[in-house]
Amino acid sequence: VEHAGALNAALLSHDGTSLATASVDGTVRFWDLRPKRPEPAVYRQPNEVWDAMFSPDGSWFVMGGDPGAEIRDARTGALRHALPMGNMISRVAISPDSRRVAVTTERGTLRVWNSNEGTPATPELRLGEALHEFAYSHDGRWIVTGPPSHVVQLLDADTGEPAMPGFQAAARSSGPCSRRTTPH
């Protein structure tokens, strides 16, 4: 079973039993990698899907597209929470303790959501430009952002505010960067 459009993201579950792919065709497809389960489960959004991520325990996933993100049960695909942002979601991240989901938009906004209730944990924050990459620290205290300008920001994960006002780390090259860290 193939996507009808370009692939935007591919990821493995933490236990290695599921593969997920997100596409501009508006779907996230999940393959159970255990023997004798070849057909993927397909979950749809109204428009393109740009990113997806499994929760650390693998029980749910978040998919981000247009005009927001969705938290779904990984076993059944049932919608747990809609996370409306009003425009295209460019990236999603889940805190190490699974309590928070951070989403960014193509317009350069970021919002952190309570994953258990589907309610905003921070106001929508204007970061100035769309983020190419961002990630939670392993202890969940910080969110580090990497926008196209190559200026890195460190944000407080609970408030979304700059963790160290005035801190900026700049890079001169545009080499690859990955927010997908190895499990600890």
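Here's what I pulled together on the structure shown here. Each chain has its residues counted from 1, following the order in which its sequence is written. Whole-chain, interface and lining totals are the exception, using all residues; otherwise, since this is a predicted model, local features are given only for residues with pLDDT of at least 70 and side-chain atom pairs are given and counted only at 80 or more. The side-chain values count all of the structure's non-hydrogen atoms but skip hydrogen atoms and water molecules.

1. Side note on the overall build of the protein
(1) Moving on: Strands here are runs of E lasting at least two residues and helices are runs of H or I lasting at least four, both read from the DSSP assignment and numbered beginning at the N terminus. The helix and strand inventory of the protein stands at 0 helices and 17 strands.
(2) Moving on: Three labels apply to residues, based on accessible area from a 1.4 Å probe with only protein chains included: buried if under 20% of the type maximum, exposed if over 50%, partly exposed otherwise in between. For the protein, with 184 residues in total, the buried portion stands at 45%.
(3) Moving on: Contacts are assigned to residue pairs that have any heavy atoms within 4.5 Å of one another. Long-range contacts, defined here as pairs at least 24 residues apart, represent 34% of the contacts in the protein between residues at least 6 apart.
(4) Moving on: Areas reported here follow the Shrake-Rupley algorithm with a probe of radius 1.4 Å; residue values treat only the protein chains shown as occluding. Only carbon and sulfur atoms are counted for the fraction: they give 52% of the accessible area of the protein, which is about 9500 Å².

2. Structural notes on the pairing of strand E2 (residues 18-23)
Every other side chain in a regular strand lies on the same face of the sheet, so the side chains alternate between the two faces.
(1) Moving on: The element E2 is largely enclosed, with a buried count of 5 among its 6 residues.
(2) Moving on: The sheet contact formed by strand E1 (residues 7-12) and E2 spans 5 bridges and is antiparallel. The partner of Ala10 across the bridge, within E2, is Thr21.
(3) Moving on: Two strands make a pair as long as DSSP finds a minimum of two bridges between them. Hairpin connection of E1 to E2: 5 residues between the antiparallel strands, including Gly16 at a positive phi of 75°.
(4) Moving on: Strand direction decides the pairing type here: E2 and strand E3 (residues 27-32), joined by 5 bridges, are antiparallel. The residue bridging Thr21 from the neighbouring strand is Arg29, located in E3.
(5) Moving on: In sequence, E2 turns back onto E3 through a hairpin of 3 residues, with Gly26 there showing a positive phi of about 90°.

3. A look at unusual backbone geometry
Most peptide bonds adopt trans geometry, and most residues besides glycine take a negative phi value.
(1) Moving on: Residue Pro67 is bonded to the preceding Asp66 through a cis peptide linkage, with omega at 15°.
(2) Moving on: Looking at where Pro67 falls in the secondary structure, it is placed in the loop between strand E6 (60-65) and strand E7 (68-73).
(3) Moving on: If you check the backbone angles, Ser98 has positive phi at about 70° while not being a glycine.
(4) Moving on: If you trace the backbone, Ser98 turns up in the loop between strand E9 (89-94) and strand E10 (100-105).

4. Describing the packing of aromatic side chains
(1) Moving on: Between rings of Phe, Tyr and Trp, where Trp is taken as its six-membered ring, a pair exists when centres lie within 6.5 Å; planes separated by under 30 degrees are stacked, by over 60 edge-to-face, and by other angles tilted. Applying the stated criterion to the full structure yields 4 aromatic pairs.
(2) Moving on: Where Phe30 meets Phe61, the ring centres are 4.3 Å apart and the plane angle is 50°; that geometry is what we call tilted. Highlighted residues: Phe30 in strand E3 and Phe61 in strand E6, separated in sequence by 31 residues.
(3) Moving on: Using a relative accessible area of 9% as the deciding quantity, one classes Phe30 as buried.
(4) Moving on: Residue classification places Phe61 among the buried positions, given a relative accessible area of 1%.
(5) Moving on: Feature note: the residues Phe30, Tyr43, Phe54 and Phe61 constitute an aromatic cluster, connected by ring pairs.
(6) Moving on: Above the face of the Trp113 ring, Arg111 is positioned so that its terminal group lies 5.5 Å from the ring centre. Lysine NZ or arginine CZ positioned within 6 Å of the ring centre and within 35 degrees of the ring normal marks a charge as sitting over the ring.

Everything listed here is a matter of coordinates, which is why it stays silent on function.
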